[in-house]
Amino acid sequence: MNLWPLQEAITEFGWAAYLRTHPRPSFSLLRSRKSWSTHAQVYYDFLTDRSWSRLEFIARPLSKSWLGKSQPVLAINSSRLVIAAGSGITSYTFGLSVDREAPPIRFEGSFSFAQLERTTAITSMTFVDKGGLDESLCLGFQDGTLQYVSLKPPPLDSPILRGTVSLSSQLQGGEYIESLSSDRNILLTLSSCGTATLTNFHSTLPESGNVALKARAWASHLCMDSSGPYAAFGTSSTQALRVHSIADDQLCRTPTAILHPHVESNIAQAKIISSAVYGISRAPLACPWGASPQILVSGWFDGQVRCHDLRSSSRVTNEISSGPTTLRPVLTMQDPLQLESFYSVSCGGGSSSYVAAGSARHSVVSFWDVRSPRTGWSVHAPGNDRSPVYDVILESSRLYGATQSRPFVYDFVGVFALLLLDDIDYLRQGPGVSSGTYPELPRGLGIDGLKRKKNTSEFGYYVTMYHHGGLTSNES
């Protein structure tokens, strides 16, 4: 029997269909994946998923430690990863993979706003499409200033980024931009005092007015892809996580839904106590409830990570007051060995089914597979200091994070190699992470307070990992 026509059909149609139904969102891999065949992409995803299931990864700092303590923030698009610490930013670009090497991340350059006489710290950051050739970087500062920067590569042999900086606005009365969220050309700003503003850069009347949440605000999430666009806000209040609908580029002034922290179906108003939500993300695509943008994951003050489905009928009954719909969580996750708040959340990972949360102490990142949430595990960042993990970004095979001391990455690419011979893709196992995958770091025993992983002198660093069901520690 001649199986060649069947093999051709699988190569031409089968792998492409599989990729459409099993997406693996990843900005840093986007350029490389476009150059791979569909079979190469599927095999890469298979090896990555296997590394996640085995908890096999390389832990590595992206740079040496900063001077002093910072509260960094991260932003990513298809071109670069930007890390803001203090009044400066550092940019890393994404390269194309070569033989026996994972898609590399290159140090592009840094830029300090101190040279523009702006010495206050950056408090928030996101990329937004303002209609140019590349996305602009939008930054909020501690003094209430909002600025836009169009980054350009540095001159040859210079580590200083070039950029066009434009001043947008400045808040008054001690307020500053606590959170920035964007969806293509739409920007959502949230001030520390709870003032939310929606801006459409492709509209003749870009700003749509303010919505006052009347609470200390921490986090925001903008979703324009849903059948009913909305914005979610994390605050410190009795309504710590609330959702406001968006219609005609206008934020609804009253909440559409309150996302409740408790699973009980009947809670008296008098028993509702104040809490806080510090991080919000869209849920992973492989959720048991479907790949809907109406499912949210949030990190809470009480050390819980909660999933809420805006389509759910699981509601809290309140006989005392009328108001917006109050929804109960469909899933609650925690690290039973770590009762700290979660400052940041992000979703993705192997099989697009993982939630990652950065804790408020001890540089811990916790992971859960939503298909089996009781089998969670946690890992300390390189350096194992007492810092919070202020921000995390989870992709299919990488997690980026930042503590008060340094940025870091966990790389789950495992063993992967792509060989190009006679215009045919050949895949075989090999060292996924090599000396050229990430920027070079200082060498030497004890430099920067870090410890190299045993049995390797180039790639991995020692980190402590434990399962939520026990105290067993491992090296990775």
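The structure displayed is predicted, hence computed values, not measured ones.

**Some words on the environment of Gly401**
Next up, step 1: With respect to the element layout, Gly401 can be found in strand E29 (residues 398–402).
Next up, step 2: Residue class for Gly401 comes out buried when judged on its relative accessible area of 2%.
Next up, step 3: Leave out the neighbours within four places in its chain, and Gly401 touches Leu74, Asp391, Val392, Arg406, Pro407 and Phe408.

**A few points about the sheet that holds strand E6 (residues 122–128)**
Next up, step 1: Spatially, the four strands line up as an open sheet ordered E6-E7-E8-E9, and their pairing is antiparallel. The open sheet terminates on both sides in strands that have one partner only, identified here as E6 and strand E9 (162–170). Taking the axes of each pair of neighbouring strands and ignoring which way they run, one obtains an average angle of 25° across the sheet.
Next up, step 2: Bridge count between strand E8 (residues 145–152) and E9: eight bridges; the pairing is antiparallel. Paired with Gln147 across the two strands is Leu167, which belongs to E9.

**Section: the side chain of Ser192**
Next up, step 1: Relative to the assigned elements, Ser192 resides in the loop between strand E11 (186–191) and strand E12 (195–200).
Next up, step 2: Other than its neighbours up to four places away in sequence, Ser192 contacts Glu175, Tyr176, Glu178, Ala215, Arg216 and Ala217.

**A closer look at the environment of Tyr230**
Next up, step 1: Tracing the backbone shows Tyr230 in strand E15 (residues 230–237).
Next up, step 2: Residues Tyr230 and His244, 14 residues apart in the sequence, show an inter-C-alpha distance of 5.6 Å.
Next up, step 3: Residue contacts for Tyr230: discarding those within four places in its chain leaves His221, Leu222, Cys223, Val243, His244, Ser245, Ile246, Pro293, Gln294, Leu296 and Leu310.
Next up, step 4: From its side chain, Tyr230 meets the backbone oxygen of Pro293 in a polar contact 2.6 Å long.

The rules we used
- Residues numbered from 1 in each chain as written.
- Predicted model: local features only at pLDDT ≥ 70, side-chain atom pairs only at ≥ 80, totals over all residues.
- Heavy atoms only, no water.
- Helix = DSSP H or I, 4+ residues; strand = E, 2+ residues; numbered from the N terminus.
- Buried < 20%, exposed > 50% of the residue type's maximum accessible area, 1.4 Å probe, protein only.
- Contact = heavy atoms within 4.5 Å.
- Pairing = 2+ DSSP bridges.
- Axes fitted to C-alpha atoms, helices over the stretch in contact; angles between N-to-C directions.
- Polar contact = N/O pair within 3.5 Å; in protein donor to acceptor, adjacent residues only side chain to side chain.

Such coordinate-based values are descriptive only and should not be taken to indicate function.
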